[in-house]
Amino acid sequence: MQIETARLLLRRWKPSDSKPFHQLNSDPEVMEFLLKPLALEESDEMIVRIESHFEQHGFGLWAVEAKETGLLLGFAGLSRPTFETQFTPCIEVGWRLARQAWGRGFATEAARAALAFGFDEAGLTEIVSFTVPANLRSIAVMERIGMTRDIAGDFEHPKVPENHHLRKHVLYRLRREEFQI
Ligand SMILES: CC(C)(COP(=O)(O)OP(=O)(O)OC[C@H]1O[C@@H](n2cnc3c(N)ncnc32)[C@H](O)[C@@H]1OP(=O)(O)O)[C@@H](O)C(=O)NCCC(=O)NCCS
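So, here is what we can say about the structure in this document. The structure displayed is predicted, hence computed values, not measured ones.

1. Topic: the overall build of the chain
Check the secondary structure of the chain and you find four helices and nine strands. Secondary structure elements of the chain, listed N to C terminal, follow the sequence β-β-α-α-β-β-β-α-β-α-β-β-β. Here the C-alpha atoms of the chain give a radius of gyration of 15 Å, agreeing with the 16 Å that 2.2 N^0.38 yields for 181 residues. Viewed in the frame of its principal axes, the chain has a C-alpha envelope of about 40 × 35 × 30 Å. Out of the 181 residues in the chain, the part that is buried amounts to 50%. Considering only residue pairs separated by 6 or more positions, the chain has 62% of its internal contacts joining residues 24 or more positions apart.

2. Description of the site of the ligand
In the vicinity of the ligand there are 19 residues, among which Leu 97, Gly 103, Ala 107, Thr 108 and Arg 137 approach most closely. The separation between an oxygen atom of the ligand and a polar side-chain atom of Asn 135 is 2.9 Å. The separation between an oxygen atom of the ligand and a polar side-chain atom of Arg 137 is 2.5 Å. Taken by itself the ligand offers 950 Å² of open surface, and the protein chains cover 69% of this. If you list the elements that add at least two residues to the shell around the ligand, you get β5 (92–97), α3 (106–121), β6 (126–131) and α4 (136–144). Per-element tally for the shell around the ligand: the top contributor is α4, with four residues. Of the residues contributing to the shell around the ligand, the split by class is eight nonpolar, six polar and five charged.

3. Quick word on the packing of aromatic side chains
According to the stated counting rule, one finds 10 aromatic pairs in the structure shown. Ring geometry for Phe 83 against Phe 130: centres 5.7 Å apart, planes inclined by 70°, an arrangement best described as edge-to-face. Taken together, the residues span a long stretch of sequence, with Phe 83 in the loop between β4 (72–79) and β5 and Phe 130 in strand β6 at a distance of 47 residues. With relative accessibility at 9%, the residue Phe 83 sits in the buried group. On the accessibility criterion, Phe 130 (10% relative accessible area) is buried. Considering the side-chain rings of Phe 87 and Phe 130, the 5.7 Å spacing of their centres and the 50° angle between planes classify their relative orientation as tilted. Placement of the pair is Phe 87 in the loop between β4 and β5 and Phe 130 in strand β6, with a sequence separation of 43 residues.

4. What to know about α3
With 16 residues, α3 should cover 22 Å at 1.5 Å per step; its first-to-last C-alpha distance of 22 Å lies within 8% of that length. Two residues or fewer after α3 comes Gly 123, characterised by a positive phi angle close to 70°.

5. A short note on the packing of helix α1 (residues 18–25) against helix α2 (residues 40–57)
Between α1 and α2, whose axes approach to 9 Å, the crossing angle comes to 115°. The interaxial crossing formed by α1 with α2 has right-handed handedness. Counting all contacts with α1, which are made through Ser 18, Phe 21, His 22 and Asn 25, the residues of α2 involved are Leu 40, Ser 43, Asp 44, Met 46 and Ile 47. Across the contact of α1 with α2, the residue classes tally to four nonpolar, four polar and one charged.

6. Concerning the nonpolar core
Judged by nonpolar contacts, the single largest core of 51 residues is most densely connected at Trp 13, Trp 62, Leu 78 and Val 93. Considering every element that reaches this core, the biggest residue donor is α3, with 10 residues. When near neighbours in sequence (up to four residues on either side) are disregarded, Val 93 contacts Gly 77, Leu 78, Ala 111, Ala 114, Leu 115, Ile 127, Val 128, Ser 129, Ile 145 and Met 147. In this structure, Phe 83, Val 128, Phe 130 and Leu 171 belong to the second largest nonpolar core, which totals seven residues.

7. Describing the pattern of salt bridges
Per the counting criterion, the structure on display carries 15 salt bridges. When the shortest N-O distance is used, the salt bridge between Lys 36 and Glu 42 registers 2.8 Å. Residue Lys 36 is classed as partly exposed on the basis of its relative accessible area, which comes to 42%. Taking the relative accessible area as the measure of exposure, Glu 42 reaches 27% and is therefore partly exposed. Close ionic contact of Asp 154 with Lys 168 constitutes a salt bridge, the shortest N to O distance being 3.9 Å. Remark: Lys 168 occurs in strand β9 (residues 168–175) and Asp 154 occurs in the loop between β7 (148–149) and β8 (155–156); sequence separation between them is 14 residues.

About the criteria used
- Residues numbered from 1 in each chain as written.
- Predicted model: local features only at pLDDT ≥ 70, side-chain atom pairs only at ≥ 80, totals over all residues.
- Heavy atoms only, no water.
- Helix = DSSP H or I, 4+ residues; strand = E, 2+ residues; numbered from the N terminus.
- Rg over C-alpha atoms; globule rule 2.2 N^0.38 Å.
- Buried < 20%, exposed > 50% of the residue type's maximum accessible area, 1.4 Å probe, protein only.
- Contact = heavy atoms within 4.5 Å.
- Near = heavy atom within 4 Å.
- Polar contact = N/O pair within 3.5 Å; in protein donor to acceptor, adjacent residues only side chain to side chain.
- Areas by Shrake-Rupley, 256 points an atom, 1.4 Å probe, with all protein chains shown as cover.
- Nonpolar A, V, L, I, M, F, W, Y, C, P; charged D, E, K, R; others polar.
- Phe/Tyr/Trp six-rings, centres within 6.5 Å; stacked < 30°, edge-to-face > 60°.
- Expected span 1.5 Å × (residues − 1).
- Axes fitted to C-alpha atoms, helices over the stretch in contact; angles between N-to-C directions.
- Left-handed = near helix turned anticlockwise from the far one by under 90°.
- Core = buried A, V, L, I, M, F, W, Y, C linked by side-chain atoms within 4.5 Å.
- Salt bridge = Lys/Arg side-chain N within 4 Å of Asp/Glu carboxyl O.

Laid out in structure tokens, this is it:
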């Protein structure tokens with residue numbers, strides 16, 4: 001199962017994604033608001049985890065490919081967080097693109113397609129997203145796709161060490177009836 005948008009292909013992962021995915025996962029700028037750049041082995045393990053999520057749930061973080069060039073740009077899609085907090089269980093929409101793919105609206109285009117899949121195909125009634133307050137680019141994507149901040153939803157990410165500067169997160173929500181392509 002894959003999704004096509006005007007400029008992108010959202011598809012399942014293949015072995016040749018390993019190298020370009022590691023390239024972006026080891027870029028300090030891409031990983032600024034995530035805990036740390038990933039080694040090749042960690043990046044490959046992430047692909048395995050993503051693929052098993054697809055098997056389990058029927059959706060996941062799709063590999064995002066540029067139709068024009070066939071290059072892997074990163075990922076975007078839906079995932080079920082594995083930690084527990086006040087708003088879980090839930091489904092999250094997320095994205096991560098190589099630095100050279102920023103600034104062209106690709107994350108927004110891919111995220112809209114993922115939301116459409118989640119609401120129309122997977123039957124979800126709400127999708128959330130979260131990040132650290134300093135990740136303004138990610139928050140801008142959330143706002144462009146129509147998500148609204150839940151002020152009462154601020155939380156300390158249980159997977160980030162206590163007192164770490166990336167622990168505090170903001171929560172955005174979107175309900176099916178609020179979603180417009
Ligand atoms: C978060 C991330 C995907 C956002 O990327 P982005 O390029 O800022 O977002 P978009 O792809 O939606 O592009 C929007 C930009 O493209 C511009 N743009 C150009 N053509 C566009 C189009 N057709 N449609 C929409 N925007 C377009 C917009 O004006 C905007 O530019 P601006 O940032 O100068 O205001 C990217 O910064 C990233 O991968 N970060 C690292 C990983 C990460 O932090 N992920 C989130 C963890 S919670």
